[in-house]
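These are the residues of each chain, in order.
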Amino acid sequence: MTTIADTRRRRGRVVARNTAVGWSFLLPNFAGFVILTMVPVVLLFYYAFTEWDVFGGATWTGLDNFRQMARDTSFWTALRNTLYYAAFHIPLTLGVSLGLALLLNRRLRGVAFFRTVAFFPYITSIVAIAQIWNMLFSPGFGPVNEVLRWIGVDHPPGWTTSADASMPAVIVVGTWRYMGYYMLLFLAGLQTIPAQLYEAALVDGASAWQRFRAVTLPGLRHTTFFITVLLTIESFKVLDLILVMTDGGPGQSTLVLSQYIFQKGFEENQFGYASAVSVVLFAICFLVTVVQFVVNKRRSA
Amino acid sequence: MTTLLQTPPSRVADDELQPVRRLSGGRRVLGYLTLGVAAVVVLLPFYWMVMSSLKSNNDVFTVPVQWIATDPVWSNYLDIWSKSDMTTWLGNTVLLSAVVTLLQVFTGSFAAYGFAKVRFPGRDVLFLAYIGTLAVPWQSYMVPQFVMMSKLQLTDTLWAIVALQAFGALGVFLMKQFYETVPDELIDAARIDGMSEYGIYRRIMLPLSVPALASLTLITLVTTWNDYLGPLLYLRSPDLWTIQLGLKSFISQYNAEYALIMTGSVLSVLPILVIFLAGQRYFVEGIATTGLKG
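Because the structure is predicted, anything quoted here is derived from the model rather than measured.

Further remarks concern the overall build of chain A. Counting its secondary structure elements, chain A contains 14 helices and 2 strands. Within the span of chain A, comprising 301 residues, buried residues form 40% of the whole. Here the analysis covers contacts within chain A between residues at least 6 apart in sequence; of these, 67% occur between residues at least 24 apart.

Time to look at the overall build of chain B. Regarding its fold elements, chain B presents 16 helices and 0 strands. Taken along the three principal axes of its C-alpha coordinates, chain B extends 75 × 65 × 35 Å. Counting every position in chain B, which comprises 294 residues, the buried fraction comes to 44%. Intrachain contacts of chain B at a sequence separation of at least 6 include 79% that bridge at least 24 residues.

Moving on, we come to the UniProt feature "transmembrane region" (unreviewed entry) in chain B. All names here are of chain B. Look at the UniProt record and you will see "transmembrane region" (unreviewed entry) annotated at residues 29-50, 89-113, 125-142, 157-175, 204-225 and 258-278. Between the end C-alpha atoms of residues 29-50 there is a gap of 30 Å, over a span that is 100% helix and 0% strand. Each end of residues 89-113 is marked by a C-alpha atom, and these two atoms are 36 Å apart; helix forms 100% of the span and strand 0%.

So, about the UniProt feature "transmembrane region" (unreviewed entry) in chain A. Residue and element names in this part refer to chain A. Look at the UniProt record and you will see "transmembrane region" (unreviewed entry) annotated at residues 21-49, 83-105, 112-133, 181-203, 224-245 and 271-295. Along residues 21-49 the backbone is 93% helical and 0% strand, and the end-to-end C-alpha distance reaches 40 Å. Secondary structure across residues 271-295 divides into 100% helix and 0% strand, with the first and last C-alpha atoms of the span separated by 36 Å.

So, about the UniProt feature "domain: ABC transmembrane type-1" (unreviewed entry) in chain A. The residues that UniProt annotates with the feature "domain: ABC transmembrane type-1" (unreviewed entry) are residues 79-292 of chain A. Here residues 79-292 of chain A is 73% helix and 0% strand, with 22 Å between the C-alpha atoms at its ends.

Below, the discussion takes up the domain arrangement of chain A. You can read the domains of chain A as domain 1 (4-47) and domain 2 (73-300). Between the C-alpha centres of domain 1 of chain A and domain 2 of chain A there is a distance of 38 Å.

Next up on the list: the UniProt feature "domain: ABC transmembrane type-1" (unreviewed entry) in chain B. Mapped onto the present numbering, the UniProt feature "domain: ABC transmembrane type-1" (unreviewed entry) falls on residues 90-279 of chain B. In the segment residues 90-279 of chain B, helix accounts for 79% and strand for 0%; the C-alpha atoms at its two ends are 21 Å apart.

Attention now moves to the interface of chain A and chain B. Counting residues at the interface gives 75 residues for chain A, matched by 79 residues for chain B. The element best represented in the side of chain A that touches chain B is helix α1 (residues 4-47) of chain A, accounting for 21 residues. For the side of chain A that touches chain B, the class distribution of residues is 50 nonpolar, 19 polar and 6 charged.

This part takes up helix α11 (residues 197-208) of chain B. Along α11(B), the residues that are buried comprise B:E197, B:I200, B:Y201 and B:M205. In an axial view of α11(B), the angular spread of the buried residues amounts to 95°, which keeps them on one side of the axis. Within α11(B), the exposed residues directed more than 90 degrees away from the buried face are B:R203 and B:P207. Along its buried surface, α11(B) packs onto α1 of chain A together with α5 (86-117), α9 (169-179) and α10 (184-192) of chain B.

All names here are of chain B. Domain annotation of chain B identifies domain 1 (3-75) and domain 2 (80-293). Using only C-alpha atoms to locate each centre, domain 1 and domain 2 end up separated by 30 Å. Secondary structure elements with two or more residues in the side of domain 1 that touches domain 2: α2 (25-53) and α3 (57-60).

Time to look at the packing of helix α6 (residues 126-136) of chain A against α2(B). The contact between α6(A) and α2(B) brings their axes to 10 Å, and the two run at 90°. With respect to each other, α6(A) and α2(B) are oriented roughly perpendicular. Touching A:I132, A:W133 and A:L136 of α6(A) are B:P45, B:W48 and B:M49, all from α2(B). When the residues that make up the contact of α6(A) with α2(B) are grouped by side-chain class, the tally is 6 nonpolar, no polar and no charged.

A word on the packing of α2(B) against helix α15 (residues 258-278) of chain B. All names here are of chain B. Relative to each other, α2 and α15 sit at 120°, their axes nearing to 7 Å. One finds that α2 runs oblique with respect to α15. Seen along the crossing, α2 lies across α15 with a hand that is left-handed. Residues M49, V50, S52 and S53 of α2 form the contact with α15, whose participating residues are Y258, A259, M262, T263, S265 and V266. Class assignment of the residues belonging to the contact of α2 with α15 gives a composition of 6 nonpolar, 4 polar and no charged.

What counts, and where the lines are drawn
Residues numbered from 1 in each chain as written. Chains lettered and ligands numbered in written order. Predicted model: local features only at pLDDT ≥ 70, side-chain atom pairs only at ≥ 80, totals over all residues. Helix = DSSP H or I, 4+ residues; strand = E, 2+ residues; numbered from the N terminus. Buried ≥ 20, exposed ≤ 12 C-beta atoms within 10 Å, placed from the backbone. Contact = placed C-beta atoms within 7 Å. UniProt positions renumbered as here; feature names shortened; annotations may be inferred. Domains from an automatic or database assignment. Nonpolar A, V, L, I, M, F, W, Y, C, P; charged D, E, K, R; others polar. Arc of directions from axis to C-beta. Axes fitted to C-alpha atoms, helices over the stretch in contact; angles between N-to-C directions. Parallel < 35°, antiparallel > 145°, perpendicular 65-115°, else oblique. Left-handed = near helix turned anticlockwise from the far one by under 90°.

So this is what it looks like as structure tokens:
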């Protein structure tokens, strides 16, 4: 007959063994993950309050970096440009990808083909994409402006060579690149809406628009919200597209937050100040995620 | 949720359940028209890239635009190899993609088994830390990470890219999602039969998770092949460059050789396009899993 103490001891042994086995599974990935992701994330919040000398030593300077940031016009330009990008990229991509998903959810021929094709921009390297679009957008002889002239625009914009039109050009390419990806997420969301709801709406005599408003949109609420969060984070961290397409120019017209971090950190070796700007980027994305979490919680409660 | 994307079985059900979706004539035409326009918008840049790669430099920008290369200059596809270090770049990229993918698939699925099927204290908190970092953009910690890598003396080595890409949380997350669909009864039965946890992972979980492994392999392969920022930060010596870095430097060096630049672009895109087309189904499923639940 086993006593309670015996059982308890045995259970303790099982837990200890499970813990050892569990950790052995995690370890290969976890070691790399801790060193290369967790530690840098923690260090970020220390570096942000330091200044680096040429020998690579860091000295604590308190809030100096953040005071400097408040006076740094380039930082504010970068933040403003990032908001500009986000303000157009988010609704545009949301609209286009939802529209495409609705279209692909119909029974039309060629839907499978288009679903494949829409993914091409997403899996194509950013260097190739930026180069193609830069050539398409070239002001003098580029196909885009030629088409614009052909439909009667006398003075088409200079796109990436003009300070006013460079950001719109980047936004167009950003939307073109990601619409297939988000379309797929919308499509997955659409397929979870029960068909009976549409039938019921039809029986009640609802028009196509009414069905969209009363069945599709509410059914997609969760998906739409989630995609908006993804798009927001994606917009705020945009970097490679900018680096290869415009390099922030002309002037500072497309300088974004991540690129400013890149310049300060890797071109000017100001690791401390670059970290301080990184904290701002981190805070924005963190805030967006927290809002998502809270809203989701409230909705499911 | 992912199974719904495998259209063949669900489409049959669609036909029975959704008579609503049958479109009337006029709206059908409109639907096709929109689909056609969208397809052109997506594909035209690619078409332009291929056509330009077959032109001579002077013919790339003309008024009016020549939409067809009437006299294809196939020699571009030979010249590019002698004018650039394409062989080195492709070699490095293939090597990196292979090593990173192997490591990511192995360590990711291994850790995922620990998270999904072994019960031990602290497991769920740890997993939350993994998931949490998925929402943190790399751009916000690339500076301290670079300092770290410098201290480990990994900068300007291919190891930097391996370290950067191989231990991502994405693989763990994707595989865990899949492993949780495997019933616990199956694992318990194997345990009662005296199989060790490692044996269960290798002989039961791995064979069962081939589709998920395929998704992870494809996503990692594409990401590593296309990565521009990692190599840009870490690979300074030209003999370590990947195809993305090489192409970028080629563009700045020969900025007027439009046709050759497009030839290089085609060559950088082609392998990944072939891989994507071959494994499309798994790729799309992987995106839907990680995207919707991340």
